[in-house]
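# Residue-level structure breakdown
So the chains spell out like this:
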Amino acid sequence: MKKHKILLNLGKNLGNFLLITGLASFSFNSAAREAPQMHSKKATQIHLQADLSAPIMLSGQKDKTFIKVSLTGFKLDSKADRTPANIAIVLDRSGSMNGEKMKRAKEAALLAVDLLNKNDILSIIGYDTRVGVLVPATKVSDKKHIKSIIQRIRADGSTALFAGVSKGAGEIRKFLDKERINRIILLSDGQANQGPSSPSELGQLGAALSKEGMSVTTIGLGVGYNEDLMTQLAGYSDGNHAFVENAADLAKVFQYEFGDVLSVVAQDVMINITLSEGVKPIRLLGREGDIKGNIIKTRLNQLYSEQEKYILLEVEIPEGKAKEIKAVASVKVDYQNMRYKKREQLDNQLSVTYSAVAKEVKQAINQPVVIEATKQVVNEYRKKAVKLRDKGQRKEAGLLLSKSVNFIKEKNSTLDSKNRAELNVYSEEISNDAEDIVNTENWNKKRKSLKAREYKLEKQQKY
Amino acid sequence: MKYRLPIILVLLITLPLLLLAWQSYRLLNNEKAVQQAQFTQLAKLRQQQSINIIKDYFNKHANQWQSQIPQWSLTESSLNQIIHQSPKINQLFLIGTDKQRDYPIESTQYSKSTHHFIQRMQTIWDDPERLFSNDQQYDQESQTIAPPNTKNFKRKTSNFLSSTPVKTVTKNASPSTRSGWAMWHWESSVIVIYWHQYADDKIIGIELNSSLLMADIIALLPDTDGSVEQQHYVQRLINGNGQIAYEWGDKKLNFTQQKNLHSTLLPYPLSTWQLEYFASPDQQQAFGLISLLLLGIFAILLFSMGYYLYQEYHREVHLAAQRVSFVSQVSHELKTPLTNIRLYAEMLEDSLDDEPKSQQYSQIIVNESQRLTRLINNVLSFSRKAKVHLSAINIDEEIHQTVEYFIPGFKLRHLQVNFQLNVNQPIFADSDGLDQIVNNLLSNVEKYAVKGKQVDIITEIIPVLEPNSSAYFILKIRDYGKGITQHAQKHIFKPFYRVDDHISEGVSGTGIGLSIALQQAERMGATLSLTPVDQGACFEFKLPIKDLN
């Protein structure tokens, strides 16, 4: 084992180096994950780890493999360390919210006020046919005043969602700051029926807001909202998305969301992967990114404390001779450290070793990467299945998911028995989805739940 | 005659009402025109504020890019970087000096977004000059347009619309540097380009992120906060596809009527977009309502006044009828004792000896009771419509008898009666009626024309003159008194009319004599009229003669 250990990375600062292995076995890998806790100095930096699903390849033939670039936020020592937030809560106050939903939404908003302190900035926007900036961006010092305004919200009219988000962005912009967490939290229970309303338009807006340094979390309430629109908006701006079927769970979701928001440790995380000569990019899984020639660029809006976010890149590696070591990629990460208010850089090199011995190749397989890659690949199938279902091809959609279940089982069988539990659970989920997608009953609700799970997996959302 | 009063009353009410209504209608129209003008002015003013916000937004970005673009390095990686980092920029393109596209670089494998971008921009690749040559289609100034009816101008194909007039950057050393906006529709969305031409003729174009553009404009425009300034009007932004992009203003107001709507096209480069303004109709109709209310109150007043007058009139008529009926009842009651008085007076006269004094006294009693009888008969025939009994009578004799009664009275007053009775044949007439006519005419002579000293009583027959007419019996009673004035002649046949001058002074009378005479004449089918004579008055009774068979 130790023999295969290859030191790939020596960071720019020698003191910051991390041990990353291209040939890491699972046991070693888990040790590496614990690394940030072992060195207290590292605890103030993002933990970058790049792995190949197959660090040893059979010589004499080209093959496909996954590169996983994983980023984990460091632990915040105390509450006082947290970054001040700049939050816009954009509440749906259209007629459909009337009653229980409005009551719960108010409760959740009141809870949000309590979770913030006077260093934070909050604005509250209500939208129906028109948009009202109920609380313009202000420091959360007079909580009583803000709460009284929340209590007065009345539900009526249609849903000008786009305009609501626009006004939310306008309020955030008043105090837009790289050293704050800039987030819009959008709550909606209905179709956007006033103003721009296509998922692509909202996605485009999300992408632009993300470039400005904001992210949008979208919370869909009930079964009346447009999940495509909400996931696109959240996805392009790298916010969270949640499906809240029961209004009573709204407060809980707000609690989670604020848990995330208030634990942001890095923002504006740029990931740059440069592939070595001969290595061809095939696709990025999950997150959107730019693939131009051999350079792959992607960006995360933020990293939360002690949460792992990753990207998966499928590549084709050319053939090589046995015992040859080939450089595969170099990974560069550039981010804003919120704790120390400065930009920091990390980098990592990946290489592959060729071997003529099939057993060696099999032994070297990085099983956690395979698990994640399998999940993400199947997630893509699941997206495709939903698209088929939307076109009315229910049987084909069901078939695709059944095939996916087989695919998961097949992959799982190559793993050590102790690592199989996770994929077993996942295959269970997919086979349930396969049943749901063929059924007509409750599809609207199931689609929302499915979309939300899809999103969670894609973005590694914690809640 | 019966409906004269109601008609007069209705006219009295409706005429001023109509006049008032017409006046207030005109006033209302004027007011409306004034209000419309005010509305338009206010609408323009408020819309201008919104338009200025949008104008400023575009100007700000134009200025910003004008200073930034010359500093950009035009390598592929740095352009990639710009797209990657600028939220406002969706895509970029660069056209080289040879009018060919330099960026995005020609490739076999475009990313999805680049592929779409190249499709959208086909019109630019065909002819980059279009960016700055096609500005004539639109005025830079926004223009007022009619309420939107033709909203659906969706463009499936890339329909190149416009570009701003060329702006020369004077700050720059090179005079050939220019820049501006361009806009067109692609499928259902709007494409907004900011372009910049370098001194060496290279053109760089920035495609704005249209969603962010929309969001930015929404964020800059006012929200709906329910403040006082926002009361009574709403505004909304309509995109090139006729969809509402954003609306704001008075919470209680919705875009309901076309009437109070004012639309303005947005300035460049969003010139296919519209700004609509709608104001509360309450403000406008308040004046009309008030004037209508006033008019209503006035009408009610007039009507109640008219009704009161009508009621009063009816009361008077009723009262008069009651009086007449009372008088006739009393007269009827008087009739029986009077007959007895007359009877016994005549009997007394016969049985009296020839002592002249006693004879004279009883004669007076008889005469006066006869006079009273006539009076009572007059009253009764005025109040009760007696039936006409036509019979063949010897008319001269009948008249002579009636006149006989008056002779003693006339003698006392030295009035001589001249008879010229020329009808010696029976004629169909109502003897009671004729009696009454003669009675009334003679008692008038007795009252008013004693000073004339004589009275002529003439009867004659006028034979058939024309084939279709009949013969007439004529009775003329003429006195030589003061006569009747021109003015009084019109009224003498009306009941209760008495000639109001020195003639009637000190003379008692009921004022119904002539009207009864006329009434009786008419019942018989005859006429009674005053014929002009040189002295005194002459009444002519004219009865068509019916064939005795």
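Residues numbered from 1 in each chain as written. Chains lettered and ligands numbered in written order. Predicted model: local features only at pLDDT ≥ 70, side-chain atom pairs only at ≥ 80, totals over all residues. Heavy atoms only, no water.

## Some details on the overall build of chain B
Within chain B, the regular secondary structure consists of 12 helices and 19 strands. When each of the 549 residues of chain B is scored for burial, the buried share is 44%. Across chain B, every contact between residues at least 6 apart in sequence was considered, and the portion connecting residues at least 24 apart equals 67%. Accessible surface for chain B amounts to roughly 30700 Å². Of this, 55% is attributable to carbon and sulfur atoms. (Helix = DSSP H or I, 4+ residues; strand = E, 2+ residues; numbered from the N terminus. Buried < 20%, exposed > 50% of the residue type's maximum accessible area, 1.4 Å probe, protein only. Contact = heavy atoms within 4.5 Å. Areas by Shrake-Rupley, 256 points an atom, 1.4 Å probe, with all protein chains shown as cover.)

## Some details on the overall build of chain A
Of regular secondary structure, chain A possesses 12 helices and 16 strands. The globule rule puts the C-alpha radius of gyration for 463 residues at 23 Å, and the 23 Å found for chain A is close to it. In terms of principal-axis extent, the alpha carbons of chain A reach across some 70 × 55 × 40 Å. Pairs at least 24 apart in sequence give 77% of the contacts found in chain A among residues at least 6 apart. Put simply, chain A shows about 19100 Å² of open surface, and 50% of that area lies on carbon and sulfur atoms. Side-chain charges of chain A comprise 74 positive and 55 negative groups, with the mean position of each set lying 2 Å from the other. (Rg over C-alpha atoms; globule rule 2.2 N^0.38 Å. Lys, Arg positive; Asp, Glu negative; His and termini not counted. Charge placed at Lys NZ, Arg CZ, Asp CG, Glu CD.)

## Description of the packing of helix α2 (residues 100-115) of chain A against helix α7 (residues 250-261) of chain A
Residues and elements named next belong to chain A. One way to put it is that α2 packs onto α7 with a least axis distance of 8 Å and a crossing angle of 30°. Here α7 runs roughly parallel to α2, going by the angle between their axes. Relative to α7, α2 is oriented so that their crossing is right-handed. Contacts from Arg104, Ala105, Ala108, Ala109, Leu111, Ala112 and Leu115 in α2 reach Leu250, Ala251, Phe254, Gln255 and Phe258 in α7. Of the residues that constitute the contact of α2 with α7, the class distribution is 10 nonpolar, one polar and one charged. (Axes fitted to C-alpha atoms, helices over the stretch in contact; angles between N-to-C directions. Parallel < 35°, antiparallel > 145°, perpendicular 65-115°, else oblique. Left-handed = near helix turned anticlockwise from the far one by under 90°. Nonpolar A, V, L, I, M, F, W, Y, C, P; charged D, E, K, R; others polar.)

## With respect to the domain arrangement of chain A
One widely used convention gives an interface's size as the accessible area the parts lose upon coming together. Residues and elements named next belong to chain A. Domain boundaries in chain A define domain 1 (12-74 + 270-364), domain 2 (83-262) and domain 3 (368-459). Each partner contributes to the interface: domain 1 provides 15 residues, whereas domain 3 provides 12 residues. Together, the buried faces of domain 1 and domain 3 total about 1300 Å²; carbon and sulfur atoms form 65% of this surface. Connecting domain 1 to domain 3 are zero salt bridges. Taken together, domain 1 and domain 3 are joined by four residue pairs in polar contact (both at pLDDT 80 or more). Looking at the side of domain 1 that touches domain 3, the element that brings in the most residues is strand β14 (residues 308-317), giving three residues. Taken together, the residues of the side of domain 1 that touches domain 3 break down into six nonpolar, three polar and six charged. (Domains from an automatic or database assignment. Buried area = accessible area lost by both parts, 1.4 Å probe. Salt bridge = Lys/Arg side-chain N within 4 Å of Asp/Glu carboxyl O. Polar contact = N/O pair within 3.5 Å; in protein donor to acceptor, adjacent residues only side chain to side chain.)

## Some details on the confidence of the model for chain B
All names here are of chain B. Averaged over all residues, the pLDDT of chain B is 81; the fraction at 70 or higher stands at 87%. Averaged over each element, pLDDT in chain B is lowest for strand β3 (residues 144-145) (37) and highest for helix α6 (residues 210-220) (93). Confidence over residues 136-174 falls short of pLDDT 50; this stretch has 95 contacts with residues more than four positions distant or in other chains. Both scores are available for the predicted complex, with the pTM at 0.71 and the ipTM at 0.85. (pLDDT = per-residue confidence, 0-100.)

## What to know about the interface of chain A and chain B
Listed by partner, the interface residues are 25 residues for chain A and 34 residues for chain B. Buried surface at the junction of chain A and chain B, both sides included, amounts to about 2300 Å², of which 50% is carbon and sulfur. Counting across the chain A and chain B interface gives two salt bridges. A salt bridge links A:Arg173 to B:Asp216, with the shortest nitrogen-to-oxygen separation between them at 3.0 Å. Of all the elements in the fold, those that place two or more residues in the side of chain A that touches chain B are β6 (131-139), α4 (161-174), α5 (199-212) and β12 (290-292) of chain A. With seven residues, α5(A) is the largest single contributor of residues to the side of chain A that touches chain B. Taken together, the residues of the side of chain A that touches chain B sort by class into nine nonpolar, seven polar and nine charged.

## A look at a positive patch on the surface
Residues A:Lys384, A:Lys387, A:Lys391 and B:Lys112 make up a contiguous surface patch of positive charge. Structurally, B:Lys112 is set in helix α3 (residues 112-120). (Patch = residues over 30% accessible without salt bridge, like charges linked within 9 Å, V, L, I, M, F, W, Y side chains within 5 Å.)

## Focus on the sheet that holds strand β7 (residues 181-188) of chain A
All names here are of chain A. With mixed pairing, six strands are arranged side by side in an open sheet as β6-β5-β4-β7-β8-β9. Whereas interior strands pair on both sides, the edge strands pair on one side only; in this sheet they are β6 and β9 (241-244). Adjacent strand axes in the sheet meet at a mean angle of 15°, parallel and antiparallel pairs treated alike. Relative to strand β5 (residues 121-127), strand β4 (residues 85-92) is paired through seven bridges, and the arrangement is parallel. Among the inter-strand pairings, valine 90 is bridged to a residue of β5, identified as isoleucine 125. The strands that α7 touches are β4, β7, β8 (215-221) and β9; relative to β7, the one it contacts most, it runs at about 165°. (Pairing = 2+ DSSP bridges.)

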